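# Commentary on secondary and tertiary structure
One-letter residues, chain by chain:
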Amino acid sequence: MLSDIDEQIHRLTTTLFQRQESNGSWHFCFENGMTIDAYVIILLRTLNIQNEALIRRLHDRILAEQQPEGCWKLFRDEEEGNLSASVEAYYALLYSGYSRLTDEPVRRAKLFIQSKGGLQKVNSLLTQVILAATGQSKWPDSIVAIPLEVLLLPTFFPINFFEFSGYSRVHLAPVLIMADRNFSIKTVHTPELYDLNVHRMDTDERPSRTFQEMLDSIQSGINKLLGTPQYIHQVATTKAEQFIVQRIESDGTLYSYASSTILMIFALLALGYPKQHPLITHAVQGIIAMRCSSSRKTTIQNSPSTVWDTALLAYALQEAGVANNHLAIRKASAYLLSRQHHKPGDWIIHNPNTVPGGWGFSETNTINPDVDDTTAALRVIQGISRTDSSYKEARNRGLNWVLSMQNNDGGWPAFEKNTNNEMLTWLAIDGAKSAAIDPSEADLTGRTLEYLGNFAGLRTRHEFIKSATYWLINHQEQDGSWYGRWGICYIYGTWAALTGLKAVGLSTQHETIQKGARWLLSIQNPDGGWGESCRSDRLLVYVPLGESTPSQTAWALDALIAVHSQPTVAMNRGVYRLIASLQEDKWTTSYPTGAGLPGNFYVHYHSYRYIWPLLALGHYRKKYGN
């Protein structure tokens, strides 16, 4: 077996050396379905930007993803298709001009949409916003009900704009601007979707009691603001505009997200900016630069994963035996050093008096660092920081930033500290529970502990490590698993939790560790691998995929390696399945195992078929090779 592992490690490392860019980074596609592709077609046509080559490529990619039933899916085993995605695809195909109502695929899509209740049944907020902004439906009451003046509430109020997560704020601000002005824009080429309205009646429902309580709390705060309603409203509009403009990155995008940048462009139009305004044209260029192309398709990435991929790939290479002074690692380390943040972002509101030192997800990201990317980068530069003062200083700033981001409950969030106001989850918006707040998560807490234990030498004798350990123990599911927010899903969370707990010194005999390992073994597939459906993310219970995927097999295997002092028969079966998967090119190798927003946004990281298998095989050889 070890010779087989050595062969695969050699093959993977050779491939990665060849694919490394001259600046030390790796560029792999962050593929997130066809939603952003559809929005870009709609945006370019609305702005009358005639980039026909791109529009045609995006059109063809969307069309190729259509299912025989006429629908589109976010993942292969999504039952009955996805209505919101199908509406987006249908709209974009027609708006592109390269599909017509009489085309057979369009007719099938229309029948599917009508069979699911039409536009009134669309539950994705982004879909609803795009439809409203382009004159296809009225603005949803769940958005109209939130006054723009919420941006003026001081941060000490129970509900204020900065209690929302950073991700939701950069999407919510432009949406509130548009809804406030009842904005919509059409061109002579805008398709009419009125025939997708199955029930031509007002389907709005009365707001829930909890949502109304949240609105009442916001209004109570607004009533304390000084000035006439007209003056306060004008100040709120200016504040919303400034909030957006001040968070534009050097590539023209808002927070390095294509989705929020698209909304920003529509919001700027709502504020009266001309279509040719430099902010708009620069933003469009930034979105187009996010495209990822191959011989088979072109897609627009929502947030290119260059920093994340580079950090994880360099770390996996190091764990597989590549020396810290190897040229590939030195180049990757230099690239990562250049991407460390040096200026404060919104995270400092909840975490004041902390020196910036984190890393972001995308190359252009300079103000929105996150804990996961930061620990990923810190793992890579750990070795070189022992001999190079510039890396040592970067490591110290990064470590200090990570430690400062620990929540009061003991766990770690993704982007901002202590933004876990449960009242915000009462929003009458699909996915609000996951998008509106940024609470402690098992995967983030586990990965942070793994870094702090294995790379910073910290153990449970430190009170803050003990606090995080208790958080993980208390958030273990009854079956022994943990839910992972940013991966699919329970396999991901359980891997992160187990490797983190072991790294800080929790005994293998501890019942928490034993339960987690038993759960992983209980869901192992007959072929020796592991695979979990994206449906777990929505149902909040483990749902087997029925097939094994490379990344999920590697996560489960890596967790078991951390737990067991000697390899078991089940683990060796997992190794053989993992090695076999590296030779395959079927749907399981491209199944999305990254998560963004439950029920709405899933990610196929093209890098994951390299990162996690290499890491697991490297750890197996390092621990059991002798």
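For the structure itself, look to the data block above.
What comes next is a walk through the structure. (Residues numbered from 1 in each chain as written. Predicted model: local features only at pLDDT ≥ 70, side-chain atom pairs only at ≥ 80, totals over all residues. Heavy atoms only, no water.)

## Considering the overall build of the protein
Counting secondary structure elements, the protein contains 26 helices and 5 strands. By its C-alpha atoms, the protein is 70 × 60 × 50 Å across when sized along the principal axes. Across the 626 residues that make up the protein, the buried fraction comes to 61%. Partitioning the contacts of the protein with sequence separation of at least 6, the portion at a separation of at least 24 is 74%. As displayed, the protein offers around 24000 Å² of accessible surface, 51% of which is attributable to carbon and sulfur atoms. Both charge centroids of the protein, one from 56 positive and one from 59 negative side chains, sit 3 Å from each other. (Helix = DSSP H or I, 4+ residues; strand = E, 2+ residues; numbered from the N terminus. Buried < 20%, exposed > 50% of the residue type's maximum accessible area, 1.4 Å probe, protein only. Contact = heavy atoms within 4.5 Å. Areas by Shrake-Rupley, 256 points an atom, 1.4 Å probe, with all protein chains shown as cover. Lys, Arg positive; Asp, Glu negative; His and termini not counted. Charge placed at Lys NZ, Arg CZ, Asp CG, Glu CD.)

## Overview of helix α6 (residues 125-133)
Since the α-helix turns once every 3.6 residues, residues separated by three or four places project in the same direction. The buried fraction of α6 amounts to 7 of the 9 residues, a majority that puts the element mostly inside the structure. A positive backbone phi angle near 75° is found at Gly-135, which sits one or two residues after α6.

## Here's the deal with the state of the cysteines
Using the criterion set out here, one finds 0 disulfides in the structure. Just so you know, Cys-71 is unpaired, no disulfide at all, and the nearest cysteine sulfur is the one on Cys-534, 15 Å from it. For Cys-534, which is in no disulfide, the shortest distance to another cysteine sulfur is to Cys-489 and amounts to 7.9 Å. (Disulfide = S-S within 2.5 Å.)

## Concerning the sheet that holds strand β4 (residues 594-597)
Across the sheet, which stays open at both edges, the 3 strands sit in the order β1-β5-β4 with antiparallel pairing between neighbours. The strands lining the two open edges of the sheet, one partner per strand, are β1 (30-31) and β4. Of the pairings in the sheet, the one linking β4 to strand β5 (residues 601-605) comprises 3 bridges and is antiparallel in character. Pairing of Leu-597 across the sheet is with Phe-601, part of β5. (Pairing = 2+ DSSP bridges.)

## Structural notes on helix α1 (residues 2-19)
The end-to-end C-alpha distance of α1, which contains 18 residues, comes to 26 Å, matching closely the 26 Å that a straight helix rising 1.5 Å per residue would cover. Among the residues of α1, those classed as buried are Ile-5, Gln-8, Ile-9, Leu-12, Thr-13 and Leu-16. Within α1, the buried residues cover an arc of 130° as seen down the axis, which keeps them to one side. Facing away from the buried surface of α1 by more than 90 degrees, the exposed residues are Ser-3, Glu-7, His-10 and Gln-18. (Expected span 1.5 Å × (residues − 1). Arc of directions from axis to C-beta.)

## Remarks on the packing of helix α13 (residues 306-319) against helix α15 (residues 371-381)
It is the contact of α13 with α15, at a shortest axis distance of 8 Å, that shows an interaxial angle of 40°. Taken as axis vectors, α13 and α15 run oblique relative to one another. Helix-helix and strand crossings are classified by hand; for α13 and α15 the assignment is left-handed. The segment α13 lies against α15, with Val-307, Trp-308, Ala-311, Leu-312, Ala-314, Tyr-315 and Gln-318 engaging Asp-372, Asp-373, Ala-376, Ala-377, Arg-379 and Val-380. Classifying every residue of the contact of α13 with α15 by side-chain character gives 9 nonpolar, 1 polar and 3 charged. (Axes fitted to C-alpha atoms, helices over the stretch in contact; angles between N-to-C directions. Parallel < 35°, antiparallel > 145°, perpendicular 65-115°, else oblique. Left-handed = near helix turned anticlockwise from the far one by under 90°. Nonpolar A, V, L, I, M, F, W, Y, C, P; charged D, E, K, R; others polar.)

## Digging into unusual backbone geometry
For the bond running from Ile-488 to Cys-489, omega is -25°, close enough to zero to count as cis. With respect to the secondary-structure elements, Cys-489 resides in the loop between α19 (463-474) and α20 (490-503). With a phi angle near 60°, Asn-48 is a residue other than glycine that sits in the positive phi range. Considering the arrangement of structural elements, one finds Asn-48 in the loop between α2 (35-46) and α3 (52-64). The backbone of Asn-418 sits at a positive phi, close to 50°, despite the residue not being glycine. Relative to the helices and strands, Asn-418 resides in the loop between α16 (389-404) and α17 (432-435).

## Some points on the pattern of salt bridges
A pair can form between side chains of opposite charge whenever their charged atoms are brought close. According to the stated counting rule, one finds 24 salt bridges in the structure shown. Linking Lys-138 and Asp-141 is a salt bridge whose minimum nitrogen-to-oxygen distance equals 3.4 Å. By relative accessible area, which is 36% here, Asp-141 ends up partly exposed. The residue Glu-192 makes a salt bridge to Lys-186 at a minimum N-O spacing of 2.9 Å. One network of salt bridges, with partners in common, ties together Glu-31, Asp-37, Arg-61, Glu-65 and Lys-297. (Salt bridge = Lys/Arg side-chain N within 4 Å of Asp/Glu carboxyl O.)

## Describing the side chain of Glu-88
Note that Glu-88 resides in helix α4 (residues 83-96). We note that Glu-88 is buried and unpaired, the nearest opposite charge coming from Arg-61 at a distance of 11 Å. Dropping the residues within four chain positions of it, Glu-88 is found in contact with Thr-35, Ala-38, Tyr-39, Ser-124 and Thr-127.

## With respect to the environment of His-342
Assignment of secondary structure puts His-342 in the loop between α14 (327-339) and α15. Sequence spacing of His-342 and Met-264 is 78 residues, and the spatial spacing of their C-alpha atoms is 25 Å. Ignoring anything within four residues of it in the chain, the contact list for His-342 reads Pro-356 and Arg-397. Polar contacts involving the side chain of His-342 include one to the main-chain carbonyl oxygen of Gln-340, which spans 3.5 Å. Engagement of the side chain of His-342 in a polar contact is seen with the side chain of Arg-397, the distance being 3.2 Å. (Polar contact = N/O pair within 3.5 Å; in protein donor to acceptor, adjacent residues only side chain to side chain.)

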